[in-house]
Amino acid sequence: MKVVVAGMGYVGLVTGLVLAEMGHEVVGMEKDKKKRELLRSGIPPFYEPHLEELLARHTEVVYPDEWGGWGACADVIIVSVGTPPLPQGGSDLSQVRALAQEIARAGIGKETVIINKSTVPMGTGGWLSREIHSHMKGQRFLPRVASCPEFLREGVAFYDAFYPDRIVIGADRPTTRAKVRMLFEKIEKQNFEPPPTLERATGKRGRVPVLETGLESAELIKYASNAFLATKISFINEVANICDAVGADIGEVSKGMGLDARIAGRFLRAGLGWGGSCFGKDVSSLSHQAAERGYVARLLQSAISVNAFQREKAVQKLAEGMGGVRGKRVTLLGISFKPGTSDLRDAPALTIAQKLIDRGALVTATDPVALPFAREEGVPFSLVACPYEAMEGADSVLLATEWPDYLDLDWDRIKKGMRGKLVLDGRNSLDRAVVEGAGLRYKGVGR
Ligand SMILES: NC(=O)c1ccc[n+]([C@@H]2O[C@H](COP(=O)([O-])OP(=O)(O)OC[C@H]3O[C@@H](n4cnc5c(N)ncnc54)[C@H](O)[C@@H]3O)[C@@H](O)[C@H]2O)c1
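## Here's the deal with the packing of helix H9 (residues 215-246) against helix H12 (residues 298-322)
Contact geometry of H9 with H12 gives a least axis separation of 9 Å together with a crossing angle of 50°. Here H9 is positioned oblique relative to H12, judged by the angle of their axes. Every pair of crossing elements has a handedness; the one defined by H9 and H12 is left-handed. Here Ala-227, Ala-230, Thr-231, Ser-234, Asn-237, Glu-238 and Asn-241 of H9 lie close against H12, whose contacting residues are Leu-299, Leu-300, Ala-303, Val-306, Asn-307, Gln-310 and Lys-313. Counted by class, the contact of H9 with H12 contains six nonpolar, six polar and two charged residues.

## Looking at unusual backbone geometry
Phi is positive for Ala-264, which is not a glycine, with a value near 70°. In this structure, Ala-264 sits in the loop between helix H10 (250-258) and helix H11 (279-292). For Asn-428, which is not a glycine, the phi torsion comes out positive at approximately 45°. You can see Asn-428 is positioned in the loop between strand E12 (422-425) and helix H17 (432-437). Judged by the 21 C-beta atoms lying within 10 Å of it, Asn-428 is buried.

## A few points about the site of the ligand
Taken together, the neighbourhood of the ligand is formed by 27 residues, with Gly-7, Gly-9, Val-11, Ser-118 and Thr-119 sitting nearest. Residue assignment for the shell around the ligand shows that the elements contributing at least two residues are helix H1 (10-21) and helix H4 (94-106). The dominant element in the shell around the ligand, judged by the number of residues it contributes, is H4, at four residues. Of the residues in the shell around the ligand, the class split is ten nonpolar, ten polar and seven charged.

## Focus: the domain arrangement of the protein chain
Structurally, the protein chain comprises domain 1 (2-213), domain 2 (222-303) and domain 3 (310-443). With centres defined by C-alpha atoms, the gap from domain 1 to domain 3 works out at 37 Å.

## Description of the nonpolar core
Formed by 56 residues in total, the largest nonpolar core has its most connected members in Val-4, Ala-6, Val-14, Ile-77, Val-79 and Ile-115. When near neighbours in sequence (up to four residues on either side) are disregarded, Val-79 contacts Ala-6, Gly-7, Val-96, Leu-99, Ile-114, Ile-115, Asn-116, Lys-117 and Ser-118. Core analysis: the next-biggest nonpolar cluster, separate from the first, contains 44 residues, Leu-344, Leu-350, Ala-361 and Val-435 among them.

## Some remarks on helix H5 (residues 124-135)
Residues lying three or four places apart along an α-helix face the same way, a consequence of the helix completing one turn every 3.6 residues. With twelve residues, H5 ought to run about 16 Å at 1.5 Å a step, and its terminal C-alpha atoms sit 16 Å apart, in line with that. Residues Thr-124, Gly-125, Leu-128, Glu-131 and Ile-132 constitute the buried set of H5. On an axial view of H5, the arc spanned by its buried residues comes to 120°, and they lie on one face. Among the exposed residues of H5, those pointing more than 90 degrees away from its buried face are Arg-130 and Ser-134. Looking at the buried residues of H5, the elements they touch are H4, strand E4 (113-116), strand E5 (144-147), strand E6 (167-170) and H9.

## What about the sheet that holds strand E9 (residues 362-366)?
Taken together, the six strands give an open sheet; going across it, the order is E10-E9-E8-E11-E12-E13, and neighbouring strands pair in parallel fashion. Edge positions in the sheet fall to strand E10 (382-383) and strand E13 (441-443), since each has one partner strand and no second. Pairing geometry for E12 and E13, over three bridges, is parallel. Looking at E13, one finds that Leu-422 is bridged to Arg-441. Against the sheet, H12 contacts strand E8 (329-333), strand E11 (396-399), E12 and E13, and its axis sits at roughly 165° relative to E12. Docked against the sheet, helix H13 (residues 348-358) engages E8, E9 and E11, running at close to 160° with respect to E9.

## Side note on the pairing of strand E3 (residues 76-79)
Note on strand geometry: in a regular strand, side chains alternate between the two faces of the sheet. Residues Val-76 and Ile-78 line one face of E3 and the alternating positions Ile-77 and Val-79 line the opposite face, and both faces are buried. Bridge count for strand E1 (residues 2-6) against E3 is four bridges, and the pairing is parallel. Of the residues in E3, the one forming a bridge with Val-4 is Ile-77. Pairing of E3 with E4 involves four bridges; the strand directions are parallel. Directly across from Val-76, in E4, lies its bridge partner Val-113. On the question of chirality, the crossover connecting E3 to the parallel E4 by way of H4 is right-handed.

## A word on the packing of H4 against H5
Each pair of packed helices can be described by the angle between their axes along with the distance between the axes. Where H4 contacts H5, the two axes come as close as 8 Å, and the packing angle between them is 45°. Taken as axis vectors, H4 and H5 run oblique relative to one another. Between H4 and H5 lies a crossing of right-handed hand. Two secondary-structure elements touch here, H4 through Val-96, Arg-97, Ala-100, Gln-101, Ile-103, Ala-104 and Arg-105 and H5 through Leu-128, Glu-131, Ile-132 and His-135. When grouped by side-chain class, the residues that make up the contact of H4 with H5 number six nonpolar, two polar and three charged.

## A closer look at the pairing of E1
Counting buried positions along E1 gives four out of five residues, so the element sits mostly inside the fold. Relative to strand E2 (residues 25-29), E1 is paired through five bridges, and the arrangement is parallel. Directly across from Val-4, in E2, lies its bridge partner Val-27. Remark: the E1/H1/E2 crossover connection has right-handed handedness.

## Focus on the environment of Tyr-63
Position of Tyr-63 relative to the elements: it lies in the loop between helix H3 (51-57) and E3. Tyr-63 sits 174 residues away from Asn-237 along the chain, and the two C-alpha atoms are 43 Å apart. Not counting the four nearest positions on each side in its chain, Tyr-63 is found in contact with Met-8, Gly-28, Glu-30, Arg-36, Leu-39 and Arg-40.

## Focus on the environment of Asp-431
Of note, Asp-431 is situated in the loop between E12 and H17. Sequence separation of Asp-431 and Gly-123 is 308 residues, and the distance between their C-alpha atoms is 48 Å.

Calculation rules
Residues numbered from 1 in each chain as written. Predicted model: local features only at pLDDT ≥ 70, side-chain atom pairs only at ≥ 80, totals over all residues. Axes fitted to C-alpha atoms, helices over the stretch in contact; angles between N-to-C directions. Helix = DSSP H or I, 4+ residues; strand = E, 2+ residues; numbered from the N terminus. Parallel < 35°, antiparallel > 145°, perpendicular 65-115°, else oblique. Left-handed = near helix turned anticlockwise from the far one by under 90°. Contact = placed C-beta atoms within 7 Å. Nonpolar A, V, L, I, M, F, W, Y, C, P; charged D, E, K, R; others polar. Buried ≥ 20, exposed ≤ 12 C-beta atoms within 10 Å, placed from the backbone. Near = placed C-beta within 6 Å. Domains from an automatic or database assignment. Core = buried A, V, L, I, M, F, W, Y, C linked by C-beta atoms within 7 Å. Expected span 1.5 Å × (residues − 1). Arc of directions from axis to C-beta. Pairing = 2+ DSSP bridges. Right-handed = clockwise from strand over helix to strand, strands pointing away.

Rendered as structure tokens:
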């Protein structure tokens, strides 16, 4: 099929390359000139495992400056532009609106299906069809729109896109759903040859379940899934805070809970809370959408406030452990919101660093991949590539992102260079015995 993917970010670029791998003819529309130029040279515009390799495998994908005739001859157009949060918690649809106008101006075929992969408020599918229609010149048909929410996780985005747990297809017409299903047929049937470094895991051999729904249900499935996972994280963080208060160990408690098949162990890791471009904005947006319709989503609001408190609590622990913050040197191990990505959007490390700076601390941070992106953002703290150098003279160290690079550091060497002794393991990922064995003071989250 001829596929135009609009928006070459984490979702669009990964989706486009995976569809190219399935044999579709892919065009990547991207409004950012710098990104387009990088992509044309085969250079990843952000860090994501396997991205460089997939770009090299699919040099046939084009990244044009203009729509030209691409829209008119496309079987499907995939919308994967950003939907960032508005200050009041709703979703900013300005990128989707601008894209709708561009699509209308470029012209589309009567049979072209617009597939929305961006996370958008319920009702956006219908609105998008009308919005494109209102800008179309001399064409009378209402464009066909489907919602196909994306569930990939940054850091394992290609794996998730090749081997998803499910494919959700929301549309009002069976023929629209059928076309989307055809696009993802090989993924559904898992009858493609995996790229050399992205082998299927043994548990992933069968057909991928496909759920066909109405438009609004598909849109809500995405929000509800993220809200559930985010709430699960806030739940375990709340239990971890109770562990701190009563002297229990969250590792043991999570394990004991997770062995119950009804609860399941994933997303029961206490720490600094969620971050990234999705959970915060999607939970806020869902709560906001509910409020707009007169329903107060109390559980979602609590999940948000527990998450915000987790960052504050880390600062409080550092302050307690160092006897105050003013004039103290704190080193953050990791800045990206989670390992495996350079994404800094809503990263807990950034909020914590800002809180520490506001209270008079001197902050240094290190990260295996995010430093150039942090530099570009102009973060208000020092960036040092070598973790050992970054911890020289520190009063305390906070593990903010559990990159594998930081899990077997030489703590004897670190102890010699540090001024203080506090190590706050914000991700409960360090070996406590090793840290304490080096003569340092270990603090975790709920343990
Ligand atoms: N990042 C994730 O892990 C993830 C997972 C699932 C769903 N989503 C959702 O997918 C959507 C995209 O997220 P993302 O992280 O890929 O965003 P992103 O910001 O990384 O990428 C969006 C891209 O779209 C481009 N763009 C904007 N307007 C455009 C236009 N008119 N034409 C062409 N390009 C345009 C931007 O320049 C940018 O490169 C969001 O709605 C997000 O909530 C993201």
